[in-house]
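Each chain, written out:
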Amino acid sequence: MSTETFDVVIVGAGSVGLPTAAFLAEQGIKPLVIDQFASPGQGSNKAAIGGIRATHSTAAKIHLCLESLRVFSTWEEMHGDPIEWAQGGYTFVAYREEEERALKALLMIQQAAGLNISWLSRQEMLALVPALAPEGLRGGTYSPEDGSASPMMSARAFYRRAVENGAQFRFNERVTGLIRRRGMVVGIRTDKGGYATETVINASGAWAKAVSGFAGLDVPVVPDSHEAGITEPVAPFLKPMVVDIRPAAGSKNYYFYQHKPGGIVFCITPEPAIVGTDRRETSEYLPMIARRMVGLMPKLANAKVRRTWRGLYPMTPDGSPIIGWAQGLEGYIHAVGMCGQGYMLGPGVGKLLTRMLTKAEHPADAATLHELRPGRAFGGVEALK
Ligand SMILES: Cc1cc2nc3c(=O)[nH]c(=O)nc-3n(C[C@H](O)[C@H](O)[C@H](O)COP(=O)(O)OP(=O)(O)OC[C@H]3O[C@@H](n4cnc5c(N)ncnc54)[C@H](O)[C@@H]3O)c2cc1C
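Okay, so let's go over this structure. Treat the numbers as computed from the prediction; the structure is a model and nothing was measured.

1. A closer look at the overall build of the protein chain
Thought 1: What the protein chain contains, in helices and strands, is 9 helices and 20 strands.
Thought 2: For the protein chain, the C-alpha atoms occupy an extent of roughly 65 × 40 × 40 Å along the three principal directions.
Thought 3: Each of the 385 residues in the protein chain was classed as buried or not, and the buried ones make up 57%.
Thought 4: The long-range share in the protein chain, meaning contacts at least 24 apart out of those at least 6 apart in sequence, stands at 72%.
Thought 5: Distance between charge centres in the protein chain, computed from 40 positive and 36 negative side chains, equals 2 Å.

2. Thoughts on the pattern of salt bridges
Thought 1: Taken as a whole and assessed by the stated rule, the structure comprises 19 salt bridges.
Thought 2: Across the pair Arg-138 and Glu-100 runs a salt bridge whose closest N-O atoms are separated by 2.6 Å. Residue Arg-138 is located in the loop between α4 (122–128) and β7 (139–143), and its partner Glu-100 is located in helix α3 (residues 97–112); the two are separated by 38 residues in the primary sequence.
Thought 3: A residue is classified by how much of its surface remains accessible, and Arg-138, at 36% relative accessible area, is partly exposed.
Thought 4: For Lys-209, the salt bridge identified is with Asp-218, shortest N-O distance 2.7 Å.
Thought 5: Taken together, the shared-partner salt bridges in this structure form one network comprising Glu-26, Asp-81, Arg-160, Arg-161 and Glu-164.

3. Focus on the packing of aromatic side chains
Thought 1: What the rule picks out here adds up to 12 aromatic pairs.
Thought 2: Here the aromatic rings of Phe-23 and Phe-158 are separated by 6.4 Å at their centres, their planes lie at 70°, and the arrangement is edge-to-face. Linking Phe-23 in helix α1 (residues 17–26) with Phe-158 in helix α5 (residues 151–164), this pair joins segments that are 135 residues apart in sequence.
Thought 3: Through pairs of rings, three or more aromatic residues link up here, namely Phe-23, Phe-72, Trp-75, Phe-158 and Tyr-343.
Thought 4: The aromatic ring of Trp-119 is capped on one face by Lys-104, whose charged end is 4.7 Å from the ring centroid.

4. Here's the deal with the site of the ligand
Thought 1: Taken together, 40 residues lie around the ligand, and Ser-15, Asp-35, Ser-44, Cys-339 and Met-344 are the ones closest in.
Thought 2: Between the ligand and the protein, one listed contact pairs an oxygen atom with a backbone N or O atom of Asn-45 at 3.2 Å.
Thought 3: A distance of 3.1 Å is found between a nitrogen atom of the ligand and a backbone nitrogen or oxygen belonging to Ile-49.
Thought 4: A total of 1,000 Å² of accessible area belongs to the ligand in isolation, and the protein chains cover 99% of it.
Thought 5: Elements represented by at least two residues in the shell around the ligand include exactly β14 (222–231), β18 (305–315) and α8 (342–357).
Thought 6: No other element matches the 4 residues that β18 contributes to the shell around the ligand.
Thought 7: The class makeup of the residues in the shell around the ligand is 20 nonpolar, 16 polar and 4 charged.

5. As for the sheet that holds strand β6 (residues 118–121)
Thought 1: Taken together, 8 strands build an open sheet; the order of strands is β6-β7-β5-β15-β16-β17-β14-β18 and the sheet is mixed. Strands with a single pairing partner mark the edges of an open sheet, and in this sheet they are β6 and β18. Pairs of neighbouring strands in the sheet enclose a mean axial angle of 25°, with direction left out of account.
Thought 2: Relative to β7, strand β5 (residues 90–94) runs antiparallel, the two being bridged by 5 bridges. Bridge assignment links Val-93 to a residue of β7, and that residue is Gly-140.
Thought 3: Along the sheet face, α3 touches β5, β6 and β7 and points at about 145° away from the line of β6.

6. Things to note about the sheet that holds strand β12 (residues 193–197)
Thought 1: Strand order in the open sheet formed by 4 strands is β1-β12-β11-β10, and the pairing between neighbours is mixed. The strands lining the two open edges of the sheet, one partner per strand, are β1 (5–6) and β10 (175–181).
Thought 2: Bridge count for strand β11 (residues 184–190) against β12 is 4 bridges, and the pairing is antiparallel. Within β12, the position partnered with Ile-188 by the bridge is Tyr-195.

7. Looking at the packing of α1 against α5
Thought 1: The contact between α1 and α5 brings their axes to 8 Å, and the two run at 30°. By the angle class used here, α1 and α5 are roughly parallel. Two packed elements cross with a definite hand, and for α1 against α5 that hand is left-handed. Two secondary-structure elements touch here, α1 through Leu-18, Pro-19, Ala-21, Ala-22, Ala-25 and Glu-26 and α5 through Ala-155, Phe-158, Tyr-159, Arg-161 and Ala-162.
Thought 2: Split into classes, the residues belonging to the contact of α1 with α5 amount to 9 nonpolar, no polar and 2 charged.

8. Quick look at the pairing of strand β19 (residues 322–325)
Thought 1: Of the pairings in the sheet, the one linking β19 to strand β20 (residues 332–336) comprises 4 bridges and is antiparallel in character. Bridge pairing links Trp-325 to Ile-333 in β20.
Thought 2: Here β19 hands over to β20 after 6 residues, with Gly-328 in that stretch at a positive phi of 85°.

Calculation criteria
Residues numbered from 1 in each chain as written. Predicted model: local features only at pLDDT ≥ 70, side-chain atom pairs only at ≥ 80, totals over all residues. Heavy atoms only, no water. Helix = DSSP H or I, 4+ residues; strand = E, 2+ residues; numbered from the N terminus. Buried < 20%, exposed > 50% of the residue type's maximum accessible area, 1.4 Å probe, protein only. Contact = heavy atoms within 4.5 Å. Lys, Arg positive; Asp, Glu negative; His and termini not counted. Charge placed at Lys NZ, Arg CZ, Asp CG, Glu CD. Salt bridge = Lys/Arg side-chain N within 4 Å of Asp/Glu carboxyl O. Phe/Tyr/Trp six-rings, centres within 6.5 Å; stacked < 30°, edge-to-face > 60°. Lys NZ or Arg CZ within 6 Å of the ring centre and 35° of its normal. Near = heavy atom within 4 Å. Polar contact = N/O pair within 3.5 Å; in protein donor to acceptor, adjacent residues only side chain to side chain. Areas by Shrake-Rupley, 256 points an atom, 1.4 Å probe, with all protein chains shown as cover. Nonpolar A, V, L, I, M, F, W, Y, C, P; charged D, E, K, R; others polar. Pairing = 2+ DSSP bridges. Axes fitted to C-alpha atoms, helices over the stretch in contact; angles between N-to-C directions. Parallel < 35°, antiparallel > 145°, perpendicular 65-115°, else oblique. Left-handed = near helix turned anticlockwise from the far one by under 90°.

Any link to function would need more than the numbers given here.
This is the structure we're talking about:
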């Protein structure tokens, strides 16, 4: 094994590992980040469509994503890297009484957790999104401070910032084991050797179960496949991300927005879930989502799709991430199970992990860490997972 020693080793240069490395390095903790792929963000990060919302149904996810929004919205101004941040907001539309009731019930939790969100009447919704099909529209929620950015450009930006401040990266290297002594982490093994460290952060996304297994730990993270697509760029006509949570044959919700360069980016949640690590596109996806999107917004029938792709959600049974120190193994931190929101959670999680490692936790962090603790019962389900 190499004799190189690092303050912290992060497994995974993805949506969570990259901002975490950047924020740790800013605080003088120089991590080593190891990834099995050739460059930053090649796991699920590059599959994300770039939606960033604090509109969730639990306080922990709302707080983490409010912090992420602060990072994404100020990044370009503070650090100069373009990341295509746009503050278009998010809207969850209601065409049936069921969705209106469910969304209104969540409003109270969301407002109590500090989210700027309100209910828009049918007329207000049509004024915000004139392209929506008006028949049956009842209104919906609108959170104007949510937005979007480019997952690849922000991965690059976090990577650059981390390297500038002394973080090191090893790509094309796979973590294969953890070295422990008397209940403490002392190092990590890879297919190219190994490194000494007393702190390991598992940020390995859809591969988290295997990586936890190297430490003799179990996390209930199961990957499932989701597809997305993008149209050719068109003139700006759509400001917020539109989310339709009505179920239909073969799918649960779907969501889409117009990103800064003009393309419509879209994604659907299959029902039943397609469990596994298959990242090959299917022929069913495009007709299924196109039918739903054109039904909701008829003018989209004219948009030409440029490409589709498929990636993995690292799912947990309750739809919330698993974050915190491992029980029974000193020096090991779980930062896994980001489900369909790892891109938007990444900077908030990175800030939280940095506070944990610099002993600078905010008073509110205790509640977040309790809600997301590794050993919880995983009983409920986050409504907007
Ligand atoms: C189609 C689609 C659309 C999505 N849209 C959004 C969206 O709009 N907004 C949003 O917030 N989220 C979205 N997501 C979800 C988001 O992409 C994930 O939640 C997020 O990328 C997970 O982040 P992560 O850091 O946990 O994992 P990743 O980004 O996958 O990073 C984990 C890294 O760990 C590495 N790794 C794993 N095992 C090992 C090992 N043994 N050794 C070395 N390296 C290892 C992997 O190579 C990988 O690079 C979407 C996902 C998909 C598939």
